Amino acid sequence: MSESLPGVVVAGLTCLDLAPKFRAETGNDMATLFRPGKLIPMDDCHLSLGGPVPNTGIGLAKLGFDVSLCGKTGDDVLSTTLRAILGEERSRSMTLDPEGTSSYTVVLAVPGRDRIFLHHEGVNATFGAEDIDWSAVESAGLFHLGYPPAMKRLYRDDGAELAVIMRRAKELGATTSLDMSLPAAGTEAGELDWTSVLRNVLPHVDLFLPSIEELAYMLDRDLFHRRESEAEDGDPVRAYQPDDYGALSDSALEWGAAAVTLKSGECGFYLRTAGADRWANLGRVRPGDTRAWSGRELWGPSYRADPVVSATGSGDSSIAGFLSAFMRGFGPEEAVQAANIVGWQNVRAMDALSGLEAWPATLQYMEDHTRPRNPLELDPASWSWSERHQIFHGPHDQETR
Ligand SMILES: Nc1ncnc2c1ncn2[C@@H]1O[C@H](COP(=O)(O)OP(=O)(O)OP(=O)(O)O)[C@@H](O)[C@H]1O
Ligand SMILES: O=C(O)C(=O)C[C@H](O)[C@H](O)CO
């Protein structure tokens, strides 16, 4: 018998990713690599869709959901390419703005280094409520929006337009989820008071899904810079402490989210949830067992990928995994595992979508407890490991184990 799954609308940033492939022999010493006047011999260029609209949207479609994509492109050759990759059917709900340029990202994925993005905002800067297919939201179970920090109209005026969109989606009965991106330092988004934006927006967001670095940047800039300098040349995510997760998620829950997840790259996926009262106020997609989702603090280690080809879009993919389990009625432990599995599927491929598999295969990976994980060391005095769920329970976790 086929499953009956809710419909989904995914809105927000859409772009074209151009990822020139570096050769292994090129090495990864950045100072030597990027010198004025130099020619770097490259392999072919991987062309793919970028941003949460295609990455999370098509990710969810691969996982079995019927998804409407609400993004925006200009009327140019990048748009023609983007729409050709997307296909006619999926492009139908996308807005075409004849006045603007399409957004693109040049992805510099130097082997063994975190990727660098050269990003052009293009028409994502003017994306607003009128670019959303509200008739689809009326019947959708879930409305997901991603990357306001790279979408000017959504973050200006303390996020007024974003708040309008999230409120309307909720009023139309959809469960709402929101993903972030890292505001670019030194730009308007980077200098913004994100606390005011989040205070305005989070009352209308059920599932808030940023990464640890994004939320630290938005709520505690000193902490963000401290962890960055502590990491020196390594991954700053590794420098964050469990108490940072607790403090940052506290604010997000206090301002109205029912759940906050903090994506943490190789350090895995963290989930914290509000109490039962907030869970009673979800949209059409809601857990069968509200209690299982109330007052939770869980952290699942990531899965070992060998090799990690590119982490581009791993956050978008992990969200597709998390939402997929959530919308199928699984508990929070399984939703965290699904996020880590789909994030892991993602990093095995250059782009955000080619590594992703269908739900039955994903479920099999989730159930395989022998699959190797990356190390995650948490203080056993406050974090306990559950053999049954293969997950850590934190000091704020209210479930009796
Ligand atoms: N190197 C890795 N090995 C295994 N899993 C990974 C790795 N990097 C990311 N993941 C998986 O993908 C998830 C999301 O990654 P990450 O935390 O980097 O998201 P993000 O910062 O939002 O990313 P992005 O903005 O790059 O899409 C992680 O929680 C983890 O499950
Ligand atoms: O990997 C990331 O951090 C991304 O933000 C991926 C984006 O969705 C996109 O593919 C880059 O343009």
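The shown structure was predicted, so the numbers you read here are calculated from the model rather than taken from an experiment. (Residues numbered from 1 in each chain as written. Chains lettered and ligands numbered in written order. Predicted model: local features only at pLDDT ≥ 70, side-chain atom pairs only at ≥ 80, totals over all residues. Heavy atoms only, no water.)

Enquirer: I'd love a proper account of the overall build of the protein chain, names of residues and values included.
Expert: Helices and strands together make up the secondary structure of the protein chain, namely 16 helices and 16 strands. Whereas a compact globule of 401 residues would reach a radius of gyration of roughly 21 Å, the protein chain reaches 20 Å, a difference of no more than 12%. In terms of principal-axis extent, the alpha carbons of the protein chain reach across some 60 × 45 × 45 Å. Burial statistics for the protein chain: of 401 residues in total, 57% are counted as buried. Look at the contacts in the protein chain between residues 6 or more apart in sequence, and 72% of them connect residues 24 or more apart. Here the protein chain has roughly 16700 Å² of accessible surface; of this, 50% comes from carbon and sulfur atoms. In the protein chain, 36 positive and 58 negative side-chain charges are present, and the distance between their average locations comes to 2 Å. (Helix = DSSP H or I, 4+ residues; strand = E, 2+ residues; numbered from the N terminus. Rg over C-alpha atoms; globule rule 2.2 N^0.38 Å. Buried < 20%, exposed > 50% of the residue type's maximum accessible area, 1.4 Å probe, protein only. Contact = heavy atoms within 4.5 Å. Areas by Shrake-Rupley, 256 points an atom, 1.4 Å probe, with all protein chains shown as cover. Lys, Arg positive; Asp, Glu negative; His and termini not counted. Charge placed at Lys NZ, Arg CZ, Asp CG, Glu CD.)

Enquirer: A description of the sheet that holds strand β13 (residues 269-273) should follow, citing residues and the corresponding values.
Expert: Read from one edge of the open sheet, 10 strands run β4-β1-β9-β10-β11-β12-β13-β14-β16-β15, paired in mixed fashion. Of all the strands in the sheet, the pair left with one neighbour each is β4 (67-70) and β15 (384-386). In the sheet, β13 pairs with strand β14 (residues 297-300) via four bridges, with the strands oriented antiparallel. Bridged to Phe269 within β14 is Gly300. (Pairing = 2+ DSSP bridges.)

Enquirer: Please provide a residue-by-residue account of the packing of aromatic side chains, values included.
Expert: Counted by the stated rule, this structure contains 17 aromatic pairs. Among the aromatic residues, ring-to-ring pairing joins Phe269, Trp279, Trp293, Phe322 and Phe326 into one connected group. Note that Arg115 overlies the ring of Phe117, its terminal NZ or CZ placed 4.0 Å from the centroid. Sitting above the plane of the Trp344 ring, Arg348 keeps its charged end 4.4 Å from the centroid. (Phe/Tyr/Trp six-rings, centres within 6.5 Å; stacked < 30°, edge-to-face > 60°. Lys NZ or Arg CZ within 6 Å of the ring centre and 35° of its normal.)

Enquirer: Can you lay out the UniProt feature "domain: Carbohydrate kinase PfkB" (unreviewed entry) in the protein chain for me, pointing to particular residues and giving the numbers?
Expert: Under the present numbering, the feature "domain: Carbohydrate kinase PfkB" (unreviewed entry) in UniProt falls on residues 38-354. Secondary structure content for residues 38-354 is 42% helix and 16% strand, and the end C-alpha separation is 32 Å. (UniProt positions renumbered as here; feature names shortened; annotations may be inferred.)

Enquirer: I'd like to hear about the site of ligand 1, residue by residue, with values.
Expert: Neighbouring ligand 1 are 21 residues; Gly265, Gly268, Tyr303, Gly315 and Asn340 lie closest to it. Take Ser264: an N or O atom from its main chain is 3.1 Å from an oxygen atom of ligand 1. Listed by contribution, the elements that provide at least two residues to the shell around ligand 1 are α14 (314-327) and α15 (332-347). Ranked by residues supplied to the shell around ligand 1, first place goes to α14 with four residues. Among the residues making up the shell around ligand 1, the classes are represented as five nonpolar, 12 polar and four charged. (Near = heavy atom within 4 Å. Polar contact = N/O pair within 3.5 Å; in protein donor to acceptor, adjacent residues only side chain to side chain. Nonpolar A, V, L, I, M, F, W, Y, C, P; charged D, E, K, R; others polar.)

Enquirer: Kindly report on α15, identifying the contributing residues and their values.
Expert: Over its 16 residues, α15 extends 23 Å from the first C-alpha to the last, a length consistent with the 22 Å expected when each residue adds 1.5 Å. Here α15 lies mainly inside the structure; 15 of its 16 residues are buried. (Expected span 1.5 Å × (residues − 1).)

Enquirer: Describe the sheet that holds strand β8 (residues 116-120), and please don't skip the residues or the numbers.
Expert: Read across the open sheet, the four strands follow the order β3-β2-β7-β8; overall the sheet is mixed. If you trace the sheet from one side to the other, it starts and ends with β3 (45-50) and β8, each paired once. Within the sheet, the average angular offset between the axes of one strand and its neighbour, ignoring direction, is 20°. Sheet topology note: the strand β2 (residues 15-20)/β3 ladder contains six bridges and is antiparallel. Within β3, the residue paired with Leu16 across the bridge is Leu49. (Axes fitted to C-alpha atoms, helices over the stretch in contact; angles between N-to-C directions.)

Enquirer: I'd like a description of the site of ligand 2, backed by residues and values.
Expert: Around ligand 2, the surrounding shell holds 13 residues, and the nearest of these are Asp17, Thr105, Arg115, Gly313 and Asp316. Between ligand 2 and the protein, one listed contact pairs an oxygen atom with a side-chain N or O atom of Thr105 at 2.8 Å. A distance of 2.8 Å is found between an oxygen atom of ligand 2 and a side-chain nitrogen or oxygen belonging to Asp316. In isolation ligand 2 offers 330 Å² of accessible surface; the protein chains occlude 88% of this area. Of the residues that constitute the shell around ligand 2, the class distribution is four nonpolar, six polar and three charged.

Enquirer: Any details on empty space enclosed by the protein? Residues and values, ideally.
Expert: Across all of its chains, the model carries one cavity of 30 Å³ or more by this definition. The computed volume of the largest cavity comes to approximately 40 Å³. In the lining of the largest cavity, the residues fall into three nonpolar, three polar and two charged. (1 Å grid on protein atoms, 1.4 Å probe; cavity = no way out; pocket = protein on both sides within 12 Å on 5 of 7 lines; lining within 4 Å. Points joined across faces, edges and corners; volume = space filled by probe spheres on them.)

Enquirer: So what's going on with the packing of α15 against helix α16 (residues 359-367)? Which residues, and what values?
Expert: Put simply, α15 and α16 touch, their axes get as near as 9 Å, and they point 110° apart. Taken together, the axes of α15 and α16 are roughly perpendicular relative to one another. For the pair α15 and α16, the contacting residues are Glu334, Gln337, Ala338, Ile341, Val342, Trp344 and Gln345 in the first and Trp359, Thr362, Tyr365 and Met366 in the second. Among the residues forming the contact of α15 with α16, the class breakdown is seven nonpolar, three polar and one charged. (Parallel < 35°, antiparallel > 145°, perpendicular 65-115°, else oblique.)

Enquirer: Describe helix α11 (residues 242-254), and please don't skip the residues or the numbers.
Expert: Between its terminal C-alpha atoms α11 stretches 18 Å, which fits the 18 Å expected from 13 residues at 1.5 Å a residue. For α11, the elements touching its buried residues are β11 (207-208), α9 (212-219), α10 (221-231), β12 (259-263), β13 and β14.

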